[in-house]
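Take a look at the letters that make up each chain.
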Amino acid sequence: MDKIARIILEGVEYEFPVVVGTEGEKAIDISTLRSKTGHITLDPGFGNTGSCRSAITFTDGEKGILHYRGIPIELFESIPNFVRVGWFLIFGRMPDEESYSRFSYILTNKANIDEDMKNHFSGFPKSAPPMAVLSAMLSTLSCFYPEFNELDNREEFEQAAARLISKIRTLAAYTYRRSLGLPYIYPDPNLPYVSNFLHMMFSQPYQPYQADPIAIEALNLVLILHADHEQNCSTSTVRMVGSSKANLFASCAAGVNALWGSLHGGANVKVIEMLESIHANNLTPEQYVAQAKDKKNSIRLMGFGHRVYKNFDPRAKLLKRVSERFLKQMGIKDPLLDIALRLEEIALNDPYFIERNLYPNVDFYSGIILRAIGIPTNMFTVLFAIGRLPGWIAHWYEQNGDPDVRIARPRQVYIGTPRQS
Ligand code: ACO
């Protein structure tokens, strides 16, 4: 028998259906609440609000579980191919060889940006924050490739998605080169996705950069672990913007801006800044943890805590292991890793963090790996955006094909001045 929730308001009882997801998650469908009762729900920060039905990613924050389309995240460690996983997230099945070749072919052949687009970079100051440049340049794609502003069928969508996934790398690398006044390096059609990105970042004219295979493997894995995380702040932003029928490029540009904040993707920068400052100021990890617990200041242990995970973030577990293995294989000794390990140990045994269920999140270890690869700190969140892009695209596509979707339009409880007569 279908479950029903009953709400009694002002002496009248109302019934609402209970929806159960494939992993047993339960939700009360209150979509008719206002029309039936005149009431709305109030849920700042949306901690209890399901905004959609989605078949892409499942998380169980209490158990520390993350699945992409039914596959536990841990299983992707053995096949670190970001493009394959991105296609899987978007289209819901692992690509067969024909689909993979077709998609890879577009990625390779559409990696360049229109030459006129390069002029836009010179309009930004060299000191421009890379996330600001990235979001502006993603929006600019709508001007240079307007044929993709309306997507009428799956083929057109796939063409647009592949261009976006390909070009974001080029735009990210050019953003970095511009900030240093270095010449732009064109994409190399002979290189796969991640190697090509590192080539555009670090090669010099006539002096190609040889990326370490261990670095390529690690970066593939970092990107995969960031590829989707259901209805987080940036993905919900992409969905919200897309719900007005804004195009794919504009919706993803909005996602970049949402990701930028220090409580979301920007935390990966803040983690490294925190570790660097502990190191530079000769603070002990114990002293820093004490500051993070002190409510008199606004200091937080960056890379700790998560709205959903009240247990270990499974991505952090994987990244911790990978960062230790990766640094060892590359022969890198990073004092920041030692500080991070000690901070984690202290916090996990401290009642303040235990009582509040605060565990390391994905940002706690990702920066250590990016640093070892040579990615500058101010580009960390850009790397997060490259990784998250397939997830944003998958959600945009899922929503766009859902006949029941309405424009996202929350309500409010007005607390301003009442009508003055
Ligand atoms: N350090 C110290 N205290 C913390 C931390 C932290 N990192 N995170 C939460 N707390 C405390 C809060 O002060 C609060 O304490 P109180 O109950 O005594 O007032 C309690 O834990 C609950 O915290 P909220 O901020 O209410 O939790 P919320 O779910 O709203 O926020 C968030 C989650 C934003 C991730 C938070 O834990 C945080 O700021 N962490 C640091 C930033 C960070 O790492 N962000 C990346 C998240 S992962 C991602 O977006 C990819």
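Q: Can you help me understand the packing of helix α6 (residues 154–180) against helix α7 (residues 193–202) in this one?
A: The angle between the axes and the distance between the axes are what describe a pair of packed helices. Interaxial distance between α6 and α7 falls to 8 Å at its minimum, and their mutual angle equals 20°. In this view, α6 runs roughly parallel relative to α7, as classed from their interaxial angle. At the point where α6 passes α7, the crossing takes the right-handed sense. Between α6 and α7, the residues in contact are Ile165, Ser166, Ile168, Arg169, Thr170, Ala172, Ala173, Tyr176 and Arg177 and Tyr193, Asn196, Phe197, Met200, Met201 and Phe202, respectively.

Q: Honestly, the site of the ligand in this entry has me stumped. Any pointers?
A: Close to the ligand lie 20 residues, the nearest being Lys295, Arg300, Leu301, Gly303 and Tyr352. Leu301 places a polar main-chain atom, nitrogen or oxygen, 2.8 Å from a nitrogen atom of the ligand. Look at the ligand: alone it shows 920 Å² of surface, and the protein chains cover 75% of it. Residues belonging to the shell around the ligand are distributed by class as follows: ten nonpolar, five polar and five charged.

Q: Is there a simple way to explain the pattern of salt bridges in this structure?
A: When charged atoms on two side chains of opposite charge get close, those side chains can pair. Within the structure shown, the criterion is met by 22 salt bridges. A salt bridge links Asp96 to Arg93; the shortest N-O distance between them is 3.9 Å. What makes Arg93 partly exposed here is its relative accessible area of 40%. Between Arg371 and Asp334 there is a salt bridge, and its shortest N-O distance comes to 3.0 Å. Of this pair, Arg371 sits in helix α16 (residues 363–373) while Asp334 sits in the loop between α13 (314–330) and α14 (335–348), placing them 37 residues apart in sequence.

Reading the values: the criteria
- Residues numbered from 1 in each chain as written.
- Predicted model: local features only at pLDDT ≥ 70, side-chain atom pairs only at ≥ 80, totals over all residues.
- Heavy atoms only, no water.
- Axes fitted to C-alpha atoms, helices over the stretch in contact; angles between N-to-C directions.
- Helix = DSSP H or I, 4+ residues; strand = E, 2+ residues; numbered from the N terminus.
- Parallel < 35°, antiparallel > 145°, perpendicular 65-115°, else oblique.
- Left-handed = near helix turned anticlockwise from the far one by under 90°.
- Contact = heavy atoms within 4.5 Å.
- Near = heavy atom within 4 Å.
- Polar contact = N/O pair within 3.5 Å; in protein donor to acceptor, adjacent residues only side chain to side chain.
- Areas by Shrake-Rupley, 256 points an atom, 1.4 Å probe, with all protein chains shown as cover.
- Nonpolar A, V, L, I, M, F, W, Y, C, P; charged D, E, K, R; others polar.
- Salt bridge = Lys/Arg side-chain N within 4 Å of Asp/Glu carboxyl O.
- Buried < 20%, exposed > 50% of the residue type's maximum accessible area, 1.4 Å probe, protein only.

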